[in-house]
Amino acid sequence: SLNDTVETLSGREGRLEELQAQVDSLETILKIGTDAKSSALSSQRATAPDVAFPGSGGTPPRGFLDGDNFERLRKQLVDISSAMDERVASMLQESNEVLEKRLQHVEHQLEKARTQSKKREQLLNTQIERLEGIADQKLQGSTPSDKQLGWFGVLGALLGYAASTSTAEQESTGRAGGHKGVLDNLFQRIQDVEDKVKAETGSQSLVDIDERLKALEDAWTAPPSAEVITAEPAVVEPPRQEEPRLLDVAPPKIDTSVMLWRLDHGREILLQGFHWESHNLNWYDIIREKVPEIKSAGFSGVWFPPPSDSIAPQGYLPRDLYNLNTKYGSMEQLKRVISCMGEYELHPMADIVINHRCATTRGAGGKWNRWDGTKMGWDERAICRDNHQFGGQGNNKSGDDFTAAPNIDHSQDFVREDLKGWLKWLLSEEVGFKSLRFDFTKGYSGQFVGEYVEACRPEFSVGEFWETCNYGGGGTPSYK
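No experiment lies behind these values; they were computed from the predicted model shown. (Residues numbered from 1 in each chain as written. Predicted model: local features only at pLDDT ≥ 70, side-chain atom pairs only at ≥ 80, totals over all residues. Heavy atoms only, no water.)

### Topic: empty space enclosed by the protein
To keep it simple, the criterion reads: The distinction between a cavity and a pocket rests on a 1 Å grid over the protein atoms alone: a 1.4 Å probe fits inside a cavity but cannot get out, while a pocket stays open yet meets protein on both sides within 12 Å along at least five of seven lines, and a residue with an atom within 4 Å of a point counts as lining. Grid points are joined across faces, edges and corners, and a volume is the space filled by probe spheres set on the points. Side-chain classes are defined by residue name, with Ala, Val, Leu, Ile, Met, Phe, Trp, Tyr, Cys and Pro counting as nonpolar, Asp, Glu, Lys and Arg as charged, and the others, Gly among them, as polar.
By the definition in use, this model includes two cavities of 30 Å³ or more. Of the volumes computed, that of the largest cavity is approximately 40 Å³. Within the lining of the largest cavity, the residues separate by chemical class into seven nonpolar, two polar and one charged.

So this is what it looks like as structure tokens:
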């Protein structure tokens, strides 16, 4: 980049020099012409009568180059040349300033890199000195044997959790190999430590340590077996007073028979398996094709869009809850993708929209408040009384109002029993959902959510609760 900038400046200066040469040449030619013309005119004026200019009242025509005009032109060229010189000087100065700043930036980056490299070198040196001290202690028998330390203890020693060596020992082990350069010295010292550990541990070689470290990593990342495991306390030997003691700690054992064991151990990773425009695609089949990829990415469950017939294509204005043919696909397609997830041990989560329900027919007052022709054929009693726009005849709401559709009165026994039956059906083998996500839970009391969960016992459940936001002046949220 710097070379390109220099070449650009050089080319610009070359062009400016060519232009300056042309201006100088033109100025010389015009000056010579002016002198010759002036001499000729003087001689003419002395020996000849005045020249008449026909059709111009006896005056020279516009643009006639007599002595005065030549002098005026020469001055204009001089002014132009001076202005060009100033402009060229200004451009060169600006370019030089930009180039100087870029050079300063490059120098700063180089200095920063040198500083970081120096810090890294110091850190490596400290770590190597620690390892050298550990290796020397092992040869002198001042630390427990590898069998006493255990594989977790060896890891701790290599990471520097053993007792630190004395200053004298560090000074005696950290000075070799200077003639090979700093990096060569560091690499040689690392090799020396490896040789010492191999010679001392025999079968407990560094390769064996690497295998044990890998086993530790696998134990923490691999999914647990389905076998029920009872937790056993780790065996901890009492510390010895004459030397430091590192505990042999085993990875925790997981009892998968406990409900929500994934949450207890931080292994529940849920994927939102749709977006707002997914209904425009053959979505259930798309998810089924992606199931192996979803599993390999580490997810444990997939949140599905609302499964029931809906006025809105996204599913959030449900109507006939038992009708699972939607814009996302047919009921058979839904069952196939759920079955596929079972083969990969993924739990499908149903989006449960039961705060409101769009009616199928008009009822009292000519309003949409009846569900004739559906398996859950409710009437005006299933709608909250304070939901006036839909003529509800139930009790008042136990939560926030949702104005776009009839708000369901969950205090009605027949409503709750119908919803429990529907939820159990969704979680049955006939459909196959395993978990539930309750939509707009601030619209009805949490006691009803608890009742539904206790009745159908999903593997996992979660509720959507958006806090109501009040706005002040200017449309900004009010936090008071």
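Past the structure itself, the notes keep going.
### Here we look at the pattern of salt bridges
One side chain can pair with another of opposite charge once the charged atoms of both are near each other. Quick note on the threshold: Salt bridges are defined by distance alone: a side-chain nitrogen of Lys or Arg within 4 Å of a carboxyl oxygen of Asp or Glu.
Inspection of the entire model under this criterion finds 15 salt bridges. Two residues, Asp372 and Arg370, come together in a salt bridge whose shortest N-O distance is 3.6 Å. Look at the salt bridges and you will find they share partners, linking Asp413, Arg416, Glu417, Lys420 and Glu451 into a network.

### A look at the environment of Trp425
Test applied: Helix and strand definitions follow DSSP, with helices as H or I runs of at least four residues and strands as E runs of at least two, each counted in order from the N terminus. Partly exposed residues are those whose accessible area sits between 20% and 50% of the maximum for their type, while under 20% is buried and over 50% is exposed, using a 1.4 Å probe and protein chains only. By the criterion applied in these results, polar contacts are pairs of N or O atoms within 3.5 Å in which, for protein atoms, one can donate a hydrogen and the other can accept it, and in which residues neighboring in sequence qualify only through two side-chain atoms.
Along the chain, the position of Trp425 falls in helix 10 (residues 413-427). For Trp425, a relative accessible area of 14% gives the class buried. Once the C-alpha coordinates of Trp425 and Cys456 are considered, the two residues, 31 residues apart in sequence, prove to be 9.0 Å apart. A polar contact is formed between the side chain of Trp425 and the side chain of Glu430, at a distance of 3.0 Å.

### With respect to the confidence of the model for the chain
Using the following cut-off: Predictor confidence is given residue by residue as pLDDT, running from a minimum of 0 to a maximum of 100. Should any heavy atoms of two residues lie within 4.5 Å, those residues are considered in contact.
When pLDDT is averaged across the chain, the result is 75; 56% of the residues are at 70 or more. The model gives residues 46-54 a pLDDT under 50, and that stretch makes four contacts with residues more than four places away or in other chains. Throughout residues 225-231 the model reports pLDDT below 50, and contacts reaching past four residues in sequence, or to other chains, amount to nine contacts.

### Some details on helix 8 (residues 283-296)
This is how it is decided: The span expected for a helix works out to 1.5 Å for each residue beyond the first. The seven residues ending at a residue and the seven starting there each receive a fitted axis; the angle between those axes is the bend at that residue.
Taking 1.5 Å as the rise per residue, helix 8 with 14 residues should run 20 Å; its terminal C-alpha atoms sit 20 Å apart, in good agreement. At Lys290, helix 8 shows its largest kink, close to 50°, and the proline Pro292 lies no more than four residues downstream. Here helix 8 has its buried residues at Trp283, Tyr284, Asp285, Ile287, Val291 and Ile294. Looking at the buried side of helix 8, the elements it contacts are strand 1 (270-272), strand 2 (301-303) and helix 9 (331-343). Looking one or two residues beyond helix 8, the residue adopting positive phi is Gly298, at roughly 105°.

### Observations regarding the side chain of Glu380
Considering the arrangement of structural elements, one finds Glu380 in the loop between strand 5 (368-370) and helix 10. Not counting residues within four places of it along the chain, the set of residues in contact with Glu380 comprises Gly363, Ala364, Asn369, Arg370, Gly391, Gly392, Gln393 and Gly394.

### Here's the deal with the packing of aromatic side chains
The geometry of an aromatic ring pair comes down to the distance between the two centres and the angle between the two planes. This is how it is decided: Any Phe, Tyr or Trp ring, taking Trp's six-membered ring, that has another such ring centre within 6.5 Å forms a pair; planes under 30 degrees apart are called stacked, those over 60 apart edge-to-face, and the others tilted. Here, a charge over a ring means that NZ of Lys or CZ of Arg falls within 6 Å of the ring centre while also lying within 35 degrees of the ring normal.
Using the criterion set out here, one finds eight aromatic pairs in the structure. Consider the rings of Phe304 and Phe433, whose centres lie 5.7 Å apart with planes at 85°: the pair is edge-to-face. Of this pair, Phe304 sits in the loop between strand 2 and helix 9 while Phe433 sits in the loop between helix 10 and strand 6 (435-438), and the two are 129 residues apart along the sequence. Residue class for Phe304 comes out buried when judged on its relative accessible area of 0%. With a relative accessible area of 1%, Phe433 lands in the buried category. Every member of this aromatic cluster is reached through a ring pair, and the members are Tyr284, Phe304, Tyr328 and Phe433. Here the basic side chain of Arg357 rests over the ring of Trp378, its NZ or CZ set 4.8 Å away from the ring centre. The ring centre of Phe414 lies 4.9 Å from the NZ or CZ of Arg381, which sits over that ring.

### Topic: the packing of helix 10 against helix 11 (residues 446-456)
Which entries qualify depends on this criterion: Angles run from 0 to 180 degrees between N-to-C directions of axes, and those axes are lines fitted to C-alpha atoms, restricted for helices to the stretch in contact. An angle counts as roughly parallel when it lies under 35 degrees, as roughly antiparallel when it exceeds 145, as roughly perpendicular when it falls between 65 and 115, and as oblique in every other case. The handedness criterion is simple: a crossing whose near helix is rotated anticlockwise from the far helix by less than a right angle is left-handed, and one whose near helix is rotated clockwise is right-handed.
Closest axis-to-axis distance for the helix 10/helix 11 pair is 9 Å, and the angle between their directions is 45°. Considering their axes alone, helix 10 and helix 11 lie oblique with respect to each other. Where helix 10 crosses over helix 11, the two elements pack in a sense that is right-handed. Here helix 10 contributes Arg416, Leu419, Lys420, Leu423, Lys424 and Leu427 to the contact with helix 11, which in turn contributes Phe448, Glu451, Tyr452, Ala455 and Cys456.

### A word on helix 11
Note the threshold: An arc is given here, and it is the one of the directions from the helix axis to the C-beta atoms.
Listed as buried for helix 11 are Phe448, Val449, Tyr452, Val453 and Cys456. Down the axis of helix 11, the buried set is contained in an arc of 135°. They therefore lie on one face. Set apart from the buried face of helix 11 by more than 90 degrees, the exposed residues are Gly446, Gln447 and Glu454. The elements touched by buried residues of helix 11 are helix 10, strand 6 and strand 7 (460-463). The positive-phi residue at the C-terminal boundary of helix 11 is Arg457, with phi of around 50°.

### Concerning the nonpolar core
The condition is simple: For this analysis, a nonpolar core means a set of buried residues of the types Ala, Val, Leu, Ile, Met, Phe, Trp, Tyr and Cys, connected via side-chain atoms within 4.5 Å.
In this structure, Phe304, Ile352, Leu419, Trp422, Phe433 and Phe438 are the most contacted members of the largest nonpolar core, which totals 52 residues. Sorting the residues of this core by element identifies helix 8, strand 2, helix 9, strand 3 (347-352), helix 10, strand 6 and helix 11 as the ones contributing at least two each. Ranked by residue count, the leading element in this core is helix 10, at seven residues. Excluding its chain neighbours within four sequence positions, the residues that come into contact with Phe433 are Phe304, Pro307, Leu334, Ile338, Pro348, Met349, Ala350, Leu426 and Leu427.

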